[in-house]
Amino acid sequence: MKADFDPGPLADATVVADGGSWTLIFVRALPHPPEKVWAALTDPERLDQWAPFAAAGDLSRPGETTLTMVDGPDRTDLPATVLRADAPTLLEYTWGDDLLRWELTPADGGTTLTLRHTFAKRDEAPMFLAGWHLCVAVLARLLAGDPVGVIRGRDATAHGWEELRAAYAQKLPG
């Protein structure tokens, strides 16, 4: 892990009721074209360098797979189904009981990345936002050719996760 890692300021983020669930909406501008961001979202080797899980297969094609949560030495396999993979603009898949929808929009020579993460319990939103914030900050450095190493699970606490969780809890309405 590089000593100069800075997760940056809070992202544009909201949480909305979604039927009997909740959806957090996390938006981040990346100075890279959608095709480059898409590859990082779908290729298992690239995912393993920034995401909170390892993917058993390529996420660029619809179908069943396994996403393995990594927390230090602990591994938890969760079933996943890629529902939509419209390169390089939309990726949607289940992750256990949750749904992740990644939207990539070209913007000023780069990409506006919008993550919609649907989950069951509203009080988990700040925790998820802090985790995704760190993951996407690591992704941004990876895409820039300056990788810092993956930050996930309990390792995130050493890189500002608790402060991010508290800040997102304050930022989110009710």
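The numbering scheme is per chain: residues are counted from 1 as the chain's sequence reads. Where local features are concerned, this predicted model is filtered to residues with pLDDT of at least 70; where side-chain atom pairs are given and counted, the filter is 80 or more; whole-chain, interface and lining totals use all residues. Water and hydrogen atoms were dropped before computing side-chain values, which therefore reflect all heavy atoms in the structure.

Caption draft 1: Local environment of the overall build of the protein chain. To qualify as a helix, a DSSP run of H or I must reach at least 4 residues; to qualify as a strand, a run of E must reach at least 2; elements of each kind are numbered from the N terminus. When helices and strands are tallied, the protein chain shows four helices and eight strands. The C-alpha atoms of the protein chain give a radius of gyration of 15 Å, which matches the 16 Å a tight globule of 174 residues would have. Dimensions of the protein chain, computed from the C-alpha atoms along their principal axes, are close to 40 × 40 × 35 Å. Throughout, a contact is declared for two residues whenever any of their heavy atoms are within 4.5 Å. For the protein chain, the share of sequence-separated contacts (at least 6 apart) that also reach a separation of at least 24 residues comes to 56%. Methods summary: accessible areas were calculated by the Shrake-Rupley approach with a probe of 1.4 Å, and residue burial reflects only the protein chains presented. Looking at the protein chain as shown, the accessible area adds up to about 8,300 Å², and 52% of this sits on carbon and sulfur atoms. It is over C-alpha atoms that the radius of gyration is taken, and the globule rule equals 2.2 Å times the number of residues to the power 0.38.

Caption draft 2: Representation of the nonpolar core. Nine residue types can take part in a nonpolar core, namely buried Ala, Val, Leu, Ile, Met, Phe, Trp, Tyr and Cys, and a core is a set of them joined through side-chain atoms within 4.5 Å. For each residue, the accessible area found with a 1.4 Å probe, counting protein chains only, is set against the maximum for its type, and the residue is called buried under 20%, exposed over 50%, and partly exposed in between. Ranked by internal contacts, the top residues of the largest apolar core, which has 51 residues, are Trp50, Phe53, Tyr93, Trp102 and Trp132. It is helix 3 (residues 125–143) that provides the largest number of residues to this core, a total of 14 residues. In this view, Trp50 contacts Ala40, Leu41, Trp102, Trp132, Cys135, Val138, Leu139, Leu142 and Val150; residues no more than four positions away in its chain are not counted.

Caption draft 3: Molecular detail of the pairing of strand 1 (residues 12–18). Each pair of strands is called paired provided DSSP finds at least two bridges between the two strands. The pairing of strand 1 with strand 2 (residues 21–30) spans seven bridges and is antiparallel. Within strand 2, the residue paired with Asp12 across the bridge is Val27. Between strand 1 and strand 2, which pair antiparallel and follow one another directly, the connecting turn spans two residues, one of which, Gly19, has a positive phi of 65°.

Caption draft 4: Quick look at the sheet that holds strand 7 (residues 98–107). One open sheet holds the eight strands; their spatial order is 1-2-8-7-6-5-4-3, and the pairing between them is antiparallel. Looking along the sheet, the strands with just one partner apiece sit at the ends: strand 1 and strand 3 (53–55). If you compare each strand with its neighbour and ignore which way they point, the axes differ by 25° on average. In this structure, strand 5 (residues 74–86) lies alongside strand 6 (residues 90–95), joined through four bridges in antiparallel fashion. Counterpart to Ala85 in the pairing with strand 6 is Leu91. Interaxial angle, 0 to 180 degrees, is taken between N-to-C directions of lines fitted to C-alpha atoms, where a helix line uses only the stretch in contact. Lying on the sheet, helix 1 (residues 34–42) is in contact with strand 2, strand 5, strand 6, strand 7 and strand 8 (110–119); it crosses strand 7 at an angle near 160°.

Caption draft 5: Quick look at the pattern of salt bridges. For this analysis, a salt bridge means a side-chain nitrogen from Lys or Arg found within 4 Å of a carboxyl oxygen belonging to Asp or Glu. Enumeration according to the criterion identifies 10 salt bridges in this entry. Between Arg154 and Asp71 there is a salt bridge, and its shortest N-O distance comes to 3.0 Å. Linking Arg154 in the loop between helix 3 and helix 4 (161–171) with Asp71 in strand 4 (residues 63–71), this pair joins segments that are 83 residues apart in sequence. Relative accessible area serves as the criterion here: at 42%, Arg154 is assigned to the partly exposed category. Look at Asp71 and you get partly exposed, because its relative accessible area is 26%.

Caption draft 6: Structural context of the pairing of strand 8. Counting buried residues along strand 8, eight of its 10 residues qualify, which places the element largely inside the surrounding structure. Note: strand 2 against strand 8, nine bridges, orientation antiparallel. Along strand 8, the bridge assignment pairs Ala29 with Thr112. With nine bridges connecting them, strand 7 and strand 8 associate as antiparallel partners. Note on strand 8: the bridge partner recorded for Glu103 is Thr114. Counted between consecutive antiparallel strands, the loop separating strand 7 from strand 8 contains two residues, among which Asp108 sits at a positive phi close to 50°.

Caption draft 7: Focus on the packing of aromatic side chains. Aromatic rings from Phe, Tyr and Trp, taking only the six-membered ring of Trp, are treated as a pair when their centres fall within 6.5 Å; an angle between ring planes under 30 degrees marks them as stacked, one over 60 as edge-to-face, and anything in between as tilted. All chains considered together, the criterion is met by six aromatic pairs. Between the aromatic rings of Trp95 and Trp132, the centroid separation amounts to 6.0 Å while the plane-to-plane angle is 65°, which identifies the pairing as edge-to-face. Of this pair, Trp95 sits in strand 6 while Trp132 sits in helix 3; the two residues are 37 residues apart in sequence, bridging distant segments of the chain. The residues Trp95 and Trp132 share a single accessibility class, namely buried. A centroid spacing of 5.3 Å and a plane angle of 85° characterise the contact between Trp102 and Trp132, whose relative ring orientation is edge-to-face.

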